[in-house]
Amino acid sequence: MTFEEQLDPDPVIAFGNWFAEAQRQSVPQAEAMMLATADRDGRPSARMVLLKSWGPEGFVWFTGYQSRKGEELATNPRAALLLFWQPLGRQVRIEGTVRKTSEEASRRYFQTRPVGSQVAATVSRQSRPVGTREELERAYAELAAEAGEGPLPLPAHWGGYILKPDVFEFWEHRDNRLHDRLRYEPEGSAWRRFRLQP
Ligand SMILES: Cc1cc2nc3c(=O)[nH]c(=O)nc-3n(C[C@H](O)[C@H](O)[C@H](O)COP(=O)(O)O)c2cc1C
């Protein structure tokens, strides 16, 4: 089967097939992805986040809204995602525009998290400096004592983002560095795709 035949014409379905394969093959943290953002001057920054859900509407992760990524996305909503499944020799690149998930969706996800994670998300001003680890642990312990069994309310500074893709690229390792690459771009309500040189 050619690479073109192997990959569904709909990139969201193609992604789903590859993701399922990564899970079947027990790739460690198959849902870990790199998220690249840039500030208003175009200075890029990258970090890992966990893909929590995805579909035709986009790719979702959760984080602190006042973090560096949050501040960059507030001024420049364009971002890129990268997943690499090393044992399969596959990477998927996704680019698009990001918006916050609804507060309801963030709350629903927040409530599924263990109370310890809820406490940490509530006390952490993600990406701000903190003097010592002890300060962090004190803030955690104080709120954990108050929270008991929980649940805690969704903090205003925490929630989901959803990236609506406008570019996908599927890449697979081949011998002699003659790798397979297929790029998808929107065309009307469908997608057109073309092979890229390795
Ligand atoms: C495998 C892995 C998964 C991570 N998942 C998340 C996540 O889902 N959400 C999150 O806010 N940070 C996650 N982090 C931490 C981020 O990489 C990063 O340190 C944090 O979000 C602050 O980034 P920023 O200062 O660029 O906003 C993860 C780190 C690793 C190594």
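Residues numbered from 1 in each chain as written. Predicted model: local features only at pLDDT ≥ 70, side-chain atom pairs only at ≥ 80, totals over all residues.

## Some words on the pairing of strand β2 (residues 44–50)
Moving on, step 1. Of all seven residues making up β2, only zero are buried, and the element is barely covered by its neighbours.
Moving on, step 2. Examined bridge by bridge, strand β1 (residues 32–38) and β2 share seven bridges and lie antiparallel to one another. Directly across from Met-34, in β2, lies its bridge partner Met-48.
Moving on, step 3. Taking the residues that link successive antiparallel strands as the turn, the β1-β2 hairpin has five residues, and the phi of Gly-42 there is positive, at about 90 degrees. (Buried ≥ 20, exposed ≤ 12 C-beta atoms within 10 Å, placed from the backbone. Helix = DSSP H or I, 4+ residues; strand = E, 2+ residues; numbered from the N terminus. Pairing = 2+ DSSP bridges.)

## Section: the pairing of strand β4 (residues 58–64)
Moving on, step 1. In this sheet, β4 lies alongside strand β3 (residues 53–55) in antiparallel orientation, the contact comprising three bridges. Bridged to Gly-55 within β4 is Gly-58.
Moving on, step 2. Hairpin geometry of β3 and β4 is characterised by an intervening segment of two residues between the two adjacent antiparallel strands.

## Quick look at the nonpolar core
Moving on, step 1. Core analysis: the largest hydrophobic core is formed by 26 residues, its most contacted members being Phe-59, Val-92, Tyr-161 and Leu-163.
Moving on, step 2. Of all the elements in the fold, those that place two or more residues in this core are α2 (11–24), β4, β5 (78–85), β6 (90–100) and β7 (158–172).
Moving on, step 3. Sort the elements by how many residues they give to this core and β7 lands first, with five residues.
Moving on, step 4. Residues in contact with Leu-163, not counting those within four places in the same chain, are Gly-58, Phe-59, Ala-79, Leu-81, Ile-94, Gly-96 and Val-98. (Core = buried A, V, L, I, M, F, W, Y, C linked by C-beta atoms within 7 Å. Contact = placed C-beta atoms within 7 Å.)

## Overview of helix α5 (residues 115–123)
Since one α-helical turn is 3.6 residues long, residues separated by three or four positions face the same way.
Moving on, step 1. Within the span of α5, buried status applies to Gln-118, Val-119 and Ala-121. Seen from one end, α5 has its buried residues packed into an arc of 165 degrees, which puts them on one side.
Moving on, step 2. Against α4 (103–112), α6 (133–147) and β7 lie the buried residues of α5. (Arc of directions from axis to C-beta.)

## A closer look at the site of the ligand
Moving on, step 1. Residues in close proximity to the ligand total 16 residues, the closest being Arg-47, Thr-63, Ser-67, Arg-68 and Ser-127.
Moving on, step 2. Breaking the shell around the ligand down by element, the ones donating at least two residues are β2, β4 and α3 (68–75).
Moving on, step 3. The element contributing the most residues to the shell around the ligand is β2, with five residues.
Moving on, step 4. Here the residues of the shell around the ligand sort into six nonpolar, seven polar and three charged. (Near = placed C-beta within 6 Å. Nonpolar A, V, L, I, M, F, W, Y, C, P; charged D, E, K, R; others polar.)

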